[in-house]
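Fold and geometry: a report
The chain contents come next:
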Amino acid sequence: MEKVEVPPIHNHPLLPFTRFSYKACKGCGYVGYIYGGYHCNELGCESVFHKECADPLPEINHYSHPDHPLKLLINVEPLASCSQCPSSFENGYLCSICDFKLDFRCATRLPLEFILEESTVHEHPIQLSDGTRDGFVQLCKTCKWGVFDAVHYKCNKCDLRFHVECTKLFPQASHVLHPQHPLKLLRCEEAPDYADNKCLLCGNKFDGRIHHCDVCNFTICGGCMENPPPLSVVSPTTHEHQLYLLSKPLGFTCNACGTQADQSPYFCLQCNFMIHWECIDLPRVININRHDHRISYTRRLGHGQNTCGVCRKKVDGFYGGYSCSKCSNYVVHSRCATDEDVWDMIELEGTPEEPEEDAPFEVIDDNTIKHFSHDHNLVINKDGRILHESTLCKACVFQICSDAFYSCENCDFILHQKCANLPRKKRHVCDNLPFTLVTNDTSDETSCDLCWQSFTGFRYECLTRMVTLDVRCGSIREPLVHQSHQHPLYFSKRSSKSCTECGKNMDLDIGSFSCDECDYSLDFKCALLPQKVKWHRYDDHPLYLSCGESSVDGEYWCEACETKVNSKKWFYTCNDCGVILHISCVVGDFSYYMPGSKIGWEEDLVVSNTSMCRPFCYVCNSQCKLPSIVKVVSKADVVLYICSLNCYYNFNRSNNYSSSDW
C-alpha cells in the first residue's frame, strides 16, 4: 500500500485505511470508531486520524474569535491550553495577535452558530456560553447529565444548560439505519427493562445517553447516532465483494476470524459471507511477538488439526487466519494475531523482509569466538569444572558453576555459553515491540520491569516503550516448563490470580505465567529462580531448588537463619548432605549485582559476603546471611554493612544524607 504524505499534522507518512479503529483521533482527540481515516505505519507510533483531521485547513475563521483569522498550530511542545475549554492540546489553531488558541475539537467539532435561533432541544433561542464557569454544575436539559464543559449552550430566559453535542441531537429522530421509526433520546438508566445493555451496532456497553425505538427494540449508543457506520464497505483482504451492514443483532460466525458474535455484521449477499466490524480489511502481512517470522492472512487456512500459536485453542481451517510460510504448522487466529498486545501494529505488505540480524559473535575457530560485547577473543570451556561461586557471568551476573562458558585469556571477562548466544534483537511476549540487547554500562544498576529485580549486567531494552528487562526475563519463551508443575505455563496479562508460590497478587500491566489446565500461576520472580546455586558457607555441594515436598509432614530447619522451613513451600537443598535453606536466605536483593557495583549514593558498593565472620546489618542488627551485601564507607573510614534494599532505603531515609556527609 502506497504511503500518503499528509503534511504537516504528523511527523511520519500516513496510510489510508478502510477498517474500523476504536481509538482516539490524534488530531481532535475524539474517542470512538474511526472508519476510512489515516494511520501511521511507523514502529511504536500507532496514531490514527479522521480524514478531515489528517489534512486540516491552514487557516480558519471562527465565531469564537471573529476579529482575526486563526492559523494552524501543530505538534506544540509544551502542550497549549485551549481558550474555549479546559483541555490542553498539541494540534489546534492560534491567533498570533491575541494569543487566542483553540484545540481541534473546539475548532472543528463545535457548531459555528453563536446563537441558535431555532433548535430541536428548546423552544427559545439558545446562546453559546462565553467560556466562563458558573459556581455550580447544572444538568443538561437534553441528556440530564452534568454540564462540566465551560463551552456549552444556555437559555438566558429559562436558565437552562445544554451540552454542545446535545444541541445536535433530537429528542426523537430517525436514523439512517432505522428510518421506519424515530429513536427516543434517553439516559441509559431510563432504558426499558427489555432493552439490551449494549449498542446493537458497535457492541459497546452503554454509558451515558442512548437512542431507543420502543416499537422494534432498536437501541444504539450516542456515538453510532452521531457518527453512524457506513452502509457498505470494501474489505479487499478478507473478501472480494462489497459488504453491507445488517443493522440487526444477529448470532453468527465471522468468516474472517472464525469466532462467534452477536452484533450487527457486515455481509455479502452473493456469498452468505459475514464479518465483524473489527475484521474488515485485516492487515495482510504482520509481525507478532510470539513468532520469529512474519505471518500472512489467509481467507481459508484449510484442513488440519492446528492450534493457535497465541491462545493454544483449536483453529478451524474453514475460516480465515494467519499462517507462517516458513513454519508449515504455525497458525494463529485472526483476533489473536491482531491483538494490540501481540501485533506491533505495523503492516508489512510490500515491505521487503529485513536481513537476518548479525550474530552476537564471530567464530574464529572451533574453540574461539569474538563476541560483539568484548574487545578480546573468548575461548570455550566445556569440561564441567566447577568455578568458585564468586566467578559471575558478565551478562546474567550469576554463578558459572559447572555450566559451559567462554572466558577471556587477557582479562577476567567471562560469559555462560548460553549468554554468549543471546540474540542482539528479539521479540518478547511482554510487549508488541522488539527489544535490543544492550551490553555497555554493565556496571550501572537498573531494574527489570518484569521481575522488579535490581541488577547490573546485560539487558534488553525497548527505548520506544522505555522498558528494560534483565537477560533472564528477556530470554524466557513460551511454553515455560517448570519443575514445580506438571503442565506447561503460558504468558498472560489477563490473569488476575496470585502467584502460587509467593502469594503476591499479579500486576496485570506486567503479566505472569499461568496454566491452561488448572489454577496455577507464577510471577516472573518465582518462575526464574535459579535451579542450582553454590553457597560454600553452608555446603560444599551445589544447592538445588526444591518446589516443596507434599509427601513430607512437618517442618525443616534453615542452616542460614536457624528458623523453620515449611516443607510444602519452595526451598534450596543439597541432594548429598540434606542441608536446607530458605529461598530468601540464598537469593537476595543484591544477588544480580556484580561485586564492586555502585548502588544509590556514590560511595556505596555491593560486595561479596564471603568473609569467615558474617557482619551485622547496621539497620536491622541481624547477621548478613546473603552472598551479596552493601558496604557503606564514610569520609572518616567508618564502614557499615547493610543486608537488603529495604534496610538500605530505611538507612538513607532515616539519615537523609549522602554518605560523604558523615
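If you're wondering where the values come from, they're calculated on a predicted model, not measured in any experiment.

1. Some thoughts on the overall build of the chain
Along the backbone of the chain there are nine helices and 54 strands. Its C-alpha atoms give the chain principal-axis dimensions of roughly 90 × 70 × 55 Å. Contacts in the chain between residues far apart in sequence, at least 24 positions, make up 49% of those at least 6 positions apart. Accessible area of the chain: about 33100 Å², with a carbon and sulfur share of 49%.

2. Let's talk about the UniProt feature "domain: Phorbol-ester/DAG-type" (unreviewed entry) in the chain
In the numbering used here, UniProt assigns the "domain: Phorbol-ester/DAG-type" (unreviewed entry) feature to residues 61-112, 239-285, 291-342, 374-430 and 483-532. Helix and strand shares over residues 374-430 are 7% and 26% respectively, and the end C-alpha atoms of the span are 29 Å apart.

3. Here we look at the sheet that holds strand β5 (residues 48-49)
Pairing in this open sheet of three strands is antiparallel, and the strands run β1-β4-β5 from one edge to the other. The outermost strands of the open sheet, each flanked by one partner alone, are β1 (14-16) and β5. Note: β1 against strand β4 (residues 38-40), three bridges, orientation antiparallel. Each bridged residue has a counterpart across the sheet, and for Pro16 the counterpart in β4 is Tyr38.

4. Some remarks on the sheet that holds strand β7 (residues 65-73)
If you walk across this open sheet you meet the four strands as β6-β7-β10-β11, and the pairing is antiparallel. What marks the edges here is a single partner per strand, and that holds for β6 (59-62) and β11 (100-103). If you compare each strand with its neighbour and ignore which way they point, the axes differ by 30 degrees on average. As paired strands, β6 and β7 are joined by three bridges and run antiparallel to one another. When the bridges of β7 are listed, His62 appears paired with His65.

5. Observations regarding the pattern of salt bridges
Following the criterion strictly, the structure yields 19 salt bridges and no others. For Arg427, the salt bridge goes to Asp344, with nearest N and O atoms at 3.3 Å. With Arg427 in strand β37 (residues 425-428) and Asp344 in the loop between α5 (334-337) and β32 (361-365), this pair connects stretches of sequence that are 83 residues apart. Measuring nitrogen to oxygen at the nearest pair gives 2.8 Å for the salt bridge that ties Arg459 to Glu461. We note that Arg459, like Glu461, is buried. Residues joined by salt bridges that share partners form a network here, namely Lys23, Glu46, Asp431 and Arg465.

6. Some details on the pairing of strand β3 (residues 31-35)
Inspection of the sheet shows strand β2 (residues 20-24) paired to β3 by five bridges, in the antiparallel sense. Note on β3: the bridge partner recorded for Tyr22 is Tyr33. Between β2 and β3, which pair antiparallel one after the other, the connecting turn spans six residues, and Gly29 there sits at a positive phi close to 85 degrees.

7. Focus on the state of the cysteines
Counted under the stated rule, the structure contains zero disulfides. For Cys155, which is in no disulfide, the shortest distance to another cysteine sulfur is to Cys158 and amounts to 3.8 Å. In this structure Cys202 is a free cysteine whose sulfur lies 3.8 Å from that of Cys199, the closest cysteine sulfur available.

8. Some remarks on the side chain of Asn381
Inspection of the secondary structure puts Asn381 in strand β34 (residues 378-381). At a separation of 3.3 Å, a polar atom in the side chain of Asn381 contacts the main-chain amide nitrogen of Asp383. Beyond its immediate stretch of four places on either side in the chain, Asn381 contacts Ala404 and Phe405.

9. A few points about unusual backbone geometry
Look at the link from Glu478 to Pro479: it is a cis peptide, with omega at -10 degrees. Mapped onto the secondary structure, Pro479 falls in the loop between α7 (471-474) and β43 (489-492). At Glu46, a residue that is not glycine, the phi angle is positive and equals roughly 65 degrees. Tracing the sequence through the fold places Glu46 in the loop between β4 and β5. Of note, the phi angle at Arg312 is positive, near 65 degrees, even though the residue is not glycine. Summarising the element assignment, Arg312 is placed in the loop between β28 (306-307) and β29 (314-315). With relative accessibility at 25%, the residue Arg312 sits in the partly exposed group.

10. A closer look at the pairing of strand β35 (residues 405-408)
Sheet topology places β34 next to β35; four bridges connect them, and they run antiparallel. Among the inter-strand pairings, Leu378 is bridged to a residue of β35, identified as Cys408. In this structure, β35 lies alongside strand β36 (residues 414-416), joined through three bridges in antiparallel fashion. Within the sheet, the bridge partner assigned to Tyr406 lies in β36 and is Leu415. Counted along the chain from β35 to the antiparallel partner β36, the turn is five residues long.

11. Some words on the packing of aromatic side chains
A full pass over the atoms with the stated rule returns 16 aromatic pairs. Ring centres 4.8 Å apart and planes at 25 degrees place the aromatic pair Phe20 and Trp277 in the stacked group. With a gap of 257 residues between them, Phe20 in strand β2 and Trp277 in the loop between β25 (273-275) and β26 (285-286) connect regions that are remote in the sequence. The class of Phe20 is buried, set by a relative accessible area of 7%. On the basis of relative accessibility, which here comes to 1%, the residue Trp277 falls in the buried class. Members of the aromatic cluster, connected to one another through ring pairs, are Phe20, Tyr35, Tyr266 and Trp277. Over the ring of Phe372 we find Arg424; its NZ or CZ atom is 3.9 Å from the centre of that ring.

Calculation notes
Residues numbered from 1 in each chain as written. Predicted model: local features only at pLDDT ≥ 70, side-chain atom pairs only at ≥ 80, totals over all residues. Heavy atoms only, no water. Helix = DSSP H or I, 4+ residues; strand = E, 2+ residues; numbered from the N terminus. Contact = heavy atoms within 4.5 Å. Areas by Shrake-Rupley, 256 points an atom, 1.4 Å probe, with all protein chains shown as cover. UniProt positions renumbered as here; feature names shortened; annotations may be inferred. Pairing = 2+ DSSP bridges. Axes fitted to C-alpha atoms, helices over the stretch in contact; angles between N-to-C directions. Salt bridge = Lys/Arg side-chain N within 4 Å of Asp/Glu carboxyl O. Buried < 20%, exposed > 50% of the residue type's maximum accessible area, 1.4 Å probe, protein only. Disulfide = S-S within 2.5 Å. Polar contact = N/O pair within 3.5 Å; in protein donor to acceptor, adjacent residues only side chain to side chain. Phe/Tyr/Trp six-rings, centres within 6.5 Å; stacked < 30°, edge-to-face > 60°. Lys NZ or Arg CZ within 6 Å of the ring centre and 35° of its normal.

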